[in-house]
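Notes for the structure review
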Amino acid sequence: MKMAVVGAGGVGGYFGGRLAEAGADVAFLARGAHLDAMRARGLRVVSPKGDIHVSRVKAAADPAEIGPVDVVVFAVKLYDVESALASVAPLLGRDTVVVPLQNGVDSVATVTRAVGRERTAGGTCYVSAVIAEPGVIRHTAMDHLLFGELDGVRSPRLLAFKEACAAASFQSTLSGDIVLDIWTKFVRLSVMSGMTAVTRSPLGVINDDPELWAMLQEAVREAMRVAHAKGIAVAASTVEDVAAAYAKLPPQTRSSMLEDLERGRRLELPWLSGAVMRIGAEVGVPTPIHRFITAVLGPHVNGR
């Protein structure tokens, strides 16, 4: 199975690096200093699960240098989705499947419009990882990759991808309801991203502050009510599930949006708390906390 990782940042670099370490045929589509470093020195992942160094990495700026693959792991930031999709045609063969891993709930529809439903699967992930420096991914917590066909069928192409993932040292799930999984992640991630970014604090600070913790829980409820109004059966236990999950994370856990905010980069805000607010308005569900988060972070949405 041949794979291409489009977007070799924290998410794509981490999962792609682990797959490459396990012997999978992985090529990375990247750019700039990160691409140069991977070509010159390979890809390193620094992780509490153990550091790795893939010394020989297939990496290119031009997808034509990679050619058709079986699976495209589509891991660019939300604000780069449209431009990246415009360049993926050389990666697409007759049976290629594109697995989008963006945060939010909009990417599957966008990918479907660009490459067709027959080539589109669903995907999401739980991972805290960033580019620490060119050629180096710093992984902090979580590493669960979920993917599935949009109709829930256990297709041969995704069974083969699951087999490749099983050989790598991260958790992977071939989902029977990936749309629900995407929305469940959206409810959780929009809150974690928004709260850590708006407070400029890692998760431990929020967990230890009763007022902030209550605010976070209410933000989860807002996003849950939006999901339910859209007909998505996000579990009624999600607030409790989030509390249990966050309690297990290292207190220094930071969202990628907080990392982007501190580095002066563009924010995925319009697709996270902004999307909770937007979809909430469409379905008649008030979302005052997500509206607050969107307003406070709004001046920083385009970076410095």
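Before reading on, note that the structure itself is shown above.
Small disclaimer: the values here were computed from a predicted structure and weren't measured. (Residues numbered from 1 in each chain as written. Predicted model: local features only at pLDDT ≥ 70, side-chain atom pairs only at ≥ 80, totals over all residues. Heavy atoms only, no water.)

1. Points about the environment of G194
- Mapped onto the secondary structure, G194 falls in helix 6 (residues 178-199).
- What makes G194 buried here is its relative accessible area of 0%.
- Ignoring any residue separated from it by four or fewer positions in sequence, one finds G194 in contact with L189, M257, S273, I293 and L297. (Helix = DSSP H or I, 4+ residues; strand = E, 2+ residues; numbered from the N terminus. Buried < 20%, exposed > 50% of the residue type's maximum accessible area, 1.4 Å probe, protein only. Contact = heavy atoms within 4.5 Å.)

2. Let's talk about the pairing of strand 9 (residues 136-148)
- Counted residue by residue, strand 9 has 10 buried out of 13 residues, so it is predominantly covered.
- Of the pairings in the sheet, the one linking strand 3 (residues 43-46) to strand 9 comprises 3 bridges and is parallel in character. When the sheet's bridge partners are listed, R44 is paired in strand 9 with V136.
- Where strand 8 (residues 122-133) lies against strand 9, 11 bridges are found, and the strand directions are antiparallel. Bridged to I131 within strand 9 is I137.
- Once strand 8 ends, the chain turns through 2 residues before running back antiparallel as strand 9, passing G135 with a positive phi of about 85 degrees. (Pairing = 2+ DSSP bridges.)

3. Remarks on the packing of helix 8 (residues 210-229) against helix 9 (residues 238-248)
- Contact pair helix 8 / helix 9: the axes reach a minimum separation of 9 Å and the direction vectors enclose 135 degrees. It follows that helix 8 is oblique to helix 9 by the angle criterion. The way helix 8 lies across helix 9 gives a crossing that is right-handed. The segment helix 8 lies against helix 9, with W213, L216, Q217, V220, R221 and M224 engaging T238, V239, V242, A243 and Y246.
- By residue class, the composition of the contact of helix 8 with helix 9 is 8 nonpolar, 2 polar and 1 charged. (Axes fitted to C-alpha atoms, helices over the stretch in contact; angles between N-to-C directions. Parallel < 35°, antiparallel > 145°, perpendicular 65-115°, else oblique. Left-handed = near helix turned anticlockwise from the far one by under 90°. Nonpolar A, V, L, I, M, F, W, Y, C, P; charged D, E, K, R; others polar.)

4. Topic: helix 2 (residues 32-41)
- Listed as buried for helix 2 are H34, L35, A37 and M38. Here the buried residues of helix 2 occupy an arc of 165 degrees about the axis, which is enough to place them on one side. Summarising the geometry of helix 2, the exposed residues directed more than 90 degrees from the buried face are D36 and A40.
- On its buried face, helix 2 sits against strand 2 (25-29), strand 3, strand 5 (58-60), strand 8 and strand 9.
- Just beyond helix 2, the residue with positive phi is G42, at close to 85 degrees. (Arc of directions from axis to C-beta.)

Any functional reading would require information that these geometric values do not contain.
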